[in-house]
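Coordinate analysis (summary)
In case you want the letters, here they are:
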Amino acid sequence: MNKCMERLYNGIIKENPTFVLMLGMCPTLALTTNAVDAMGMGLTTTVVLVMSNFLISLLRKLIPEKVRIPAFIVIVASFVTIVKMLLEAYLWELNQSLGIYIPLIVVNCIILGRAESYASKNPVAPSIFDGLGMGLGFTIGLTVIGLFRELIGSGTLFKVAVMPDSYEPLKIFVNPPGAFLVLAILTAFQNKFKLKSATNVTQQEPLACGGNCASCLGTTCTENHEKIELAKQEAKNKKGEDGK
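Counting from 1, residues in each chain are numbered in the order their sequence is written. Per-residue local features of the predicted model are confined to residues with pLDDT of at least 70, and side-chain atom pairs are confined, for both listing and counting, to 80 or more; whole-chain, interface and lining totals are unaffected and use all residues. To obtain the side-chain values, all non-hydrogen atoms of the structure were included, while hydrogens and water were left out.

Secondary structure elements follow DSSP: runs of H or I of four or more residues count as helices, runs of E of two or more count as strands, with numbering from the N terminus. Helices and strands together make up the secondary structure of the chain, namely 9 helices and 2 strands. In the chain, the succession of helices and strands from N to C terminus is α-α-α-α-α-α-α-β-β-α-α. The contact rule is simple, with two residues in contact once any of their heavy atoms fall within 4.5 Å. Across the chain, the fraction of contacts at a sequence separation of at least 24, relative to all contacts at a separation of at least 6, is 70%. The protein chains shown are the only cover counted for residues, whose accessible areas, like all others here, come from Shrake-Rupley with a 1.4 Å probe. Carbon together with sulfur atoms contributes 67% to the accessible area of the chain, which is approximately 14,100 Å² in total.

Within the largest apolar cluster, 27 residues are counted, with the highest numbers of intra-cluster contacts made by Met 41, Val 48, Ile 56, Val 80, Leu 98, Ile 105 and Ile 111. Among the elements that line this core, the one with the most residues is helix α4 (residues 68-90), at 8 residues. What we call a nonpolar core is a set of buried Ala, Val, Leu, Ile, Met, Phe, Trp, Tyr and Cys residues that are connected through their side-chain atoms within 4.5 Å. Partly exposed describes any residue whose relative accessible area lies between the buried limit of under 20% and the exposed limit of over 50%, with all areas from a 1.4 Å probe on protein chains only and scaled to the type maximum. Listed in part, the 8 residues of the second largest apolar core include Phe 19, Leu 29, Phe 173 and Leu 183.

Working definition: rings of Phe, Tyr and Trp (its six-membered ring) pair if their centres are within 6.5 Å, and the pair is stacked with planes under 30 degrees apart, edge-to-face with planes over 60 apart, and tilted otherwise. Per the stated rule, a full pass over the model turns up 1 aromatic pair. Ring geometry for Phe 189 against Phe 193: centres 6.4 Å apart, planes inclined by 10°, an arrangement best described as stacked.

Bringing the pattern of salt bridges into the picture now. Only one rule defines a salt bridge in this text: a Lys or Arg side-chain nitrogen within 4 Å of an Asp or Glu carboxyl oxygen. Scanning the entire structure with this criterion turns up 6 salt bridges. Between Glu 6 and Arg 7 there is a salt bridge, with its nearest N and O atoms 3.2 Å apart. Classification of Arg 7 as buried rests on a relative accessible area of 11%. Salt-bridge contacts for Glu 88 lead to Lys 84; the nearest nitrogen and oxygen are separated by 3.6 Å. Remark: Lys 84 and Glu 88 occur in helix α4; sequence separation between them is 4 residues, near one turn of the helix. Taking the relative accessible area as the measure of exposure, Lys 84 reaches 23% and is therefore partly exposed. In the salt-bridge network here, residues are joined through shared partners; they are Glu 6, Arg 7, Arg 114 and Asp 130.

Let us now look at the confidence of the model for the chain. Scored from 0 to 100, pLDDT records how confident the predictor is in each individual residue. Of the residues in the chain, 85% reach a pLDDT of 70 or more, and the chain-wide mean stands at 85. Mean pLDDT across the elements of the chain bottoms out in helix α9 (residues 221-243) (64) and peaks in helix α3 (residues 35-58) (95). Every residue in residues 203-211 is under pLDDT 50, and counting partners more than four places away or in other chains gives 8 contacts.

A separate point is the packing of helix α7 (residues 124-154) against helix α8 (residues 176-192). One way to put it is that α7 packs onto α8 with a least axis distance of 10 Å and a crossing angle of 120°. On the basis of the axis angle, α7 is oblique to α8. The chirality of how α7 crosses α8 is right-handed. On α8, the residues touching Val 144, Ile 145, Phe 148 and Arg 149 of α7 are Pro 176, Gly 178, Ala 179, Val 182, Leu 183 and Leu 186. Classification used: nonpolar for Ala, Val, Leu, Ile, Met, Phe, Trp, Tyr, Cys and Pro, charged for Asp, Glu, Lys and Arg, polar for all others including Gly. Class assignment for the residues of the contact of α7 with α8 results in 8 nonpolar, 1 polar and 1 charged. The convention used is that axes are lines fitted to C-alpha atoms, helices contributing only their stretch in contact, and that angles between N-to-C directions extend from 0 to 180 degrees. For classification purposes, angles smaller than 35 degrees are called roughly parallel, those larger than 145 roughly antiparallel, those between 65 and 115 roughly perpendicular, and all remaining angles oblique. It is the rotation of the near helix from the far one that decides the hand of a crossing: anticlockwise by less than a right angle makes it left-handed, clockwise makes it right-handed.

The phi torsion at Phe 158 lies on the positive side, around 55°, for a residue other than glycine. Within the element layout of this structure, Phe 158 appears in the loop between β1 (156-157) and β2 (160-161). One non-glycine residue with positive phi stands out, namely Lys 159, at about 65°. Here Lys 159 shows up in the loop between β1 and β2. A relative accessible area of 52% places Lys 159 in the exposed class.

This paragraph deals with the packing of α3 against α4. Taken N-terminus to C-terminus, the directions of α3 and α4 make an angle of 140°; their axes are 9 Å apart at the nearest point. Considering their axes alone, α3 and α4 lie oblique with respect to each other. Once α3 is placed against α4, the crossing between them reads as right-handed. Here Thr 44, Val 47, Val 48, Met 51, Ser 52, Leu 55 and Ile 56 of α3 come into contact with α4, specifically with Phe 72, Ile 75, Val 76, Phe 79, Val 80, Val 83 and Leu 87. Split into classes, the residues belonging to the contact of α3 with α4 amount to 12 nonpolar, 2 polar and no charged.

Rendered as structure tokens:
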């Protein structure tokens, strides 16, 4: 259970997809004009993340290595189709607001990234919590940006008027430039308070793999580093034995 809680913490705080890893920027910038749509997109993505992580982890030993990416896409696309049909049946207004961005969940880099880096290599329970943590982190990120944009740009919160009648909304915040502006301001605050994000994390030492990401086989840099250090130690020991 501790590992499951660690996956939740990792997705919500430590590696938040929006504010730390800065992944899934397309829906983040396009669907945060109000908090309702932002939260709806985040929760929709969370459902797909959890279900796809569950099934991919369950089938991880059965999916051939050479076709793993096409298999992941088929699984994700199946769940996206189910979610879209449910939205059309029960949440028609939200479905209309999210529009084309629901089918685009299939190629969301967060979902494929978690499938490749975690669900395909770990047991079912931690994979479910990994998807839940990443999904909730994504939802929180979108909702926070949506709250700022909606409040300043429309004078409402969750589509309910909260500002006095004399307030003149700054419409730029509900237009495309406003998304970049709010994201930049929030990122600047992260950097100001030295919080971890994609824009202020420095590489302390060279990558164990040399940084050749194009030839990466999917293993983590930590694993590569351990293998390299072990190989160096074995070579050193063998050299010592030969010298004797």
